[in-house]
Amino acid sequence: MSDTATQAAGDSVTPAVAGWFTTGPAPALIGTSCQSCGTISFPRETTFCKNPACSGEEFEDVELSRHGKVWSYTDAQYQPPAPYIPTTDPYVPFALAAVELPEGLVVLGQVADGFGVDDLKVGDDVELVVEPLYTDETGVRTIWRWKPTTTDTNANGAQA
Amino acid sequence: MSGAGSNNDVAILGVGMHPWGKWGQSFVKYGVAAARAALADSGVNWQDVDFIVGGETVRNGYGGYVAGATFAQALGWNGARVATSYAACATGAQALDTARARILAGLSEVALVVGADTTPKGFLAPVAGERWDDPDWLRFRLMGMTNPAYFALNARRRIDLYGATAEDFAAVKVKNAKHGLNNPNARYRKEVTAADVLASPVVSNPLHLLDICATSDGGAAIILTSMEYARKMGIAEPVRIKAISTVTPTFPQTIMDMPNFSTDSASAVPAPERTFKESIGYAAYEEAGISPEDVDVAEVYDLATSVELDWIEDLALCKRGEAEHLLRAGETTIGGRIPVNPSGGLACFGEAVPAQALAQVCELTWQLRGQAEGRQVEGARIGITANQGLFGHGSSVIVSA
C-alpha cells in the first residue's frame, strides 16, 4: 500500500543534519555571526556568544567560505564505533581534514570520496563539497566534505 | 624550595596505587587498595582523615558512581567531609585542588584524595541512543571522528611542519616502555622496539596501534595535609605541592580539540598569546613561582606518543618544534637533561581516567623522595605533571622536594 510512498521517500537526498550546510552547486557551511560582537561560530550558535566580553544572544546565519587551507589531516583505518554508520562491508577507510577558513576558525570534516592522506599536505587548498554519508529509512543522507584542489602537486609529492 | 608561593604549600604525606591492568573488578576495590596504601605510606589513620575527595567517572552503566562517598563508605564511614570531582582526564588534579583549597583555608587538616576506574575494551565510544545536540555523539555519527584521529591531527602537523617522523613517535614508545620495565604499578612491562611500533597496524595515519595508549583499570590515592600537620606527624620536609593549575581555555581557543567540530573563531577577538595547553603549564609555573628551567622531571599525558612531544613544548621544556631533537638526543630519557615519563607513562599504564592525574603525582612523589626504584631520576627536586581533560579542563601539578 505504501510501497510507492516508501520508494519515493527512499529516493530523497537530504542532509544528515539539518541546518549545518547548504546544498546545490556551491554548497557552504552555515555558521552564525553574533549581532553584538561579530564573532563567527560553527556549528550555528543559538544560545550565548562565546566571547567573554560579549553578552550577545542574537545571531544571524552566515554562509562560511567554501575554500580553506588544510590545518591537518588523518584517516580512520579502523571502522569507527556507533553511532558511526558504516556504508560498506567490508569497511573502507576514509580520510579526515581540519580546514582553516578565512573566518578565523578551523572546521573538521571527512575528505571527499576518492582522496586519502597521500593527497594532502598542511597548507593545501581544499573546497567544500556535499556527498552521501549513509542511507537510512528516509533515503540518502548527505554531509559536507573537504575536497583537495591542489592534487596535481601532491600527487608528485606523494610519490617522492 | 621557598618562594612566592611558599605560604601556599601543602604536604603530600602519603601516596598509593593499585596496579594498572584489566582486572575486571569493581573500581571500589582498586580505590580502597590505593587509599589503604596511601594511608600506610603516610602513617595517618583513616579515622583521622577529615576530608575525602573522590575522582569519579560519568561513563554510562556505573552504578553508584558518587565517588567520594562510595570510597568513604567502603573504608567505613568516619564522619569526614566529602566531595566528588569530575573533569574527564583532569579529574585527579581537580580533586587534588579541592582538597588543597580546604586545607589552605584552614577548614581541613588531612585529606584523602582517591580516583579509580574500571574500563571497557576498545575505542572509548559514546553511549547508545540518539543525541543530536551532543557534539560528543555527533562527531561519531557525522564524521566517524575517534579520539586517536584527534591525536593524529597534531601528530601530522609535527611531521608536515617540524620534520618529525613515524620513527620519532615510535622512539617515544621505546623510551617509555624501557622506563616502565621495573615499575610494579605499570600494566605493560616489556621492551618494545621501534620496529614493533612501525609494524603495528595504522589506526589513524600517522599513528600506529602501539603509538596509542590503552584503557586500563587502576586506582591511585594521595594523603594531602597542611604543612603543620606534617610536622606534627614528624615529617619536617615532606614532598609538597607548589601549584595546581586547573585553568579553562581563553577565548578564542583556535587549536582543534576533542570532541569539537571546529575551533573558536578569531574573527572578532584575536587568538590569545598562549594556546590552551601552553596556558595550563604557564599558570602552574606562575603559581609555583618557578621557570621551566627549574624542572627536573615531568610526567605528561602520552595518550599517543606524539602527544608527549606536544606536551614537552607546551610546558616550555623546549621551543616549539624542538621536542624531537630532545628525544633523539636522549634528553627525555632517564639520565638525560629532562626525563619525561619515568613511570613509563600511559604507554606502560594505559589510561584509568579518574586515577591517572593522581598517578602522575604519586610517581613524582616517589621520584622526589628517591624511592622510584629501577626508574629513579637522580637528584630530582622539582617535578611537573600535565594533562588536559575533555571539554576544557586544564591539569598541571608542580611538586617539590
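Residues numbered from 1 in each chain as written. Chains lettered and ligands numbered in written order. Predicted model: local features only at pLDDT ≥ 70, side-chain atom pairs only at ≥ 80, totals over all residues.

### Considering the interface of chain A and chain B
If you look at the interface, chain A gives 40 residues, while chain B gives 35 residues. For the side of chain A that touches chain B, the secondary-structure elements that each account for two or more residues are β3 (40-41), β5 (67-76), β6 (94-100) and β7 (106-111) of chain A. When residues in the side of chain A that touches chain B are grouped by element, the largest group, 6 residues, is from β5(A). Counted by class, the side of chain A that touches chain B contains 26 nonpolar, 10 polar and 4 charged residues. (Contact = placed C-beta atoms within 7 Å. Helix = DSSP H or I, 4+ residues; strand = E, 2+ residues; numbered from the N terminus. Nonpolar A, V, L, I, M, F, W, Y, C, P; charged D, E, K, R; others polar.)

### Re the domain arrangement of chain B
Residues and elements named next belong to chain B. Per the domain assignment, the segments of chain B are domain 1 (6-121 + 217-238) and domain 2 (135-212 + 241-400). Centre-to-centre separation of domain 1 and domain 2, based on C-alpha positions: 23 Å. Counting residues at the interface gives 33 residues for domain 1 and 32 residues for domain 2. Of all the secondary-structure elements, those providing two or more residues to the side of domain 1 that touches domain 2 are β1 (10-21), α3 (91-104), β4 (110-117) and β7 (217-225). Its residues placed into classes, the side of domain 1 that touches domain 2 shows 17 nonpolar, 10 polar and 6 charged. (Domains from an automatic or database assignment.)

### Focus: the sheet that holds strand β10 (residues 382-389) of chain B
Residue and element names in this part refer to chain B. Pairing in this open sheet of 9 strands is mixed, and the strands run β3-β2-β4-β7-β1-β8-β11-β10-β9 from one edge to the other. On the outer flanks of this sheet lie β3 (81-85) and β9 (297-300), each paired with one strand and no other. Direction aside, the axes of adjacent strands within the sheet are offset by 25 degrees on average. Across 6 bridges, the pairing between β10 and strand β11 (residues 393-400) is antiparallel. The residue of β11 that forms the bridge with G383 is V399. On the sheet, helix α9 (residues 276-288) packs against β8 (239-245), β10 and β11 and is oriented at approximately 135 degrees with respect to β8. The strands touched by helix α13 (residues 353-369) within the sheet are β1, β2 (51-55), β4, β7, β8, β9, β10 and β11, with β7 carrying the most contacts at an inclination of about 60 degrees. (Pairing = 2+ DSSP bridges. Axes fitted to C-alpha atoms, helices over the stretch in contact; angles between N-to-C directions.)

### Focus: the nonpolar core
Within the largest apolar cluster, 163 residues are counted, with the highest numbers of intra-cluster contacts made by A:A97, B:L96, B:A111, B:V113, B:A221, B:I222 and B:L358. Both domain 1 (6-121 + 217-238) and domain 2 (135-212 + 241-400) of chain B contribute no fewer than three residues apiece to this core. Residues in contact with B:L358, not counting those within four places in the same chain, are B:G55, B:G92, B:L96, B:V113, B:G115, B:A220, B:A221 and B:I222. (Core = buried A, V, L, I, M, F, W, Y, C linked by C-beta atoms within 7 Å. Buried ≥ 20, exposed ≤ 12 C-beta atoms within 10 Å, placed from the backbone.)

### Notes on the sheet that holds β3(A)
Paired through their backbone hydrogen bonds, the strands of a sheet run either parallel or antiparallel. Residue and element names in this part refer to chain A. Strand order across the open sheet formed by 3 strands is β3-β2-β4, with antiparallel pairing between neighbours. What marks the edges here is a single partner per strand, and that holds for β3 and β4 (59-63). Bridging between strand β2 (residues 30-34) and β4 involves 5 bridges; their strand directions are antiparallel. Across the sheet, S33 pairs through a bridge with E60, a residue of β4.

### A look at the environment of B:N205
Tracing the backbone shows B:N205 in the loop between β5 (202-204) and β6 (207-208). Overall, the presence of 23 C-beta atoms within 10 Å leaves B:N205 in the buried class. Considered as a pair, B:N205 and B:A236 are 31 residues apart in the sequence and their alpha carbons are 51 Å apart. Not counting chain neighbours up to four residues away, the residues in contact with B:N205 comprise A:T74, A:D75, A:V117 and B:A152.

### Thoughts on the confidence of the model for chain A
When pLDDT is averaged along chain A, the result is 90, and 87% of the positions lie at 70 or above. Here residues 153-160 of chain A is modelled with pLDDT under 50, and outside its nearest four sequence neighbours on either side it reaches 8 contacts, counting other chains as well. (pLDDT = per-residue confidence, 0-100.)

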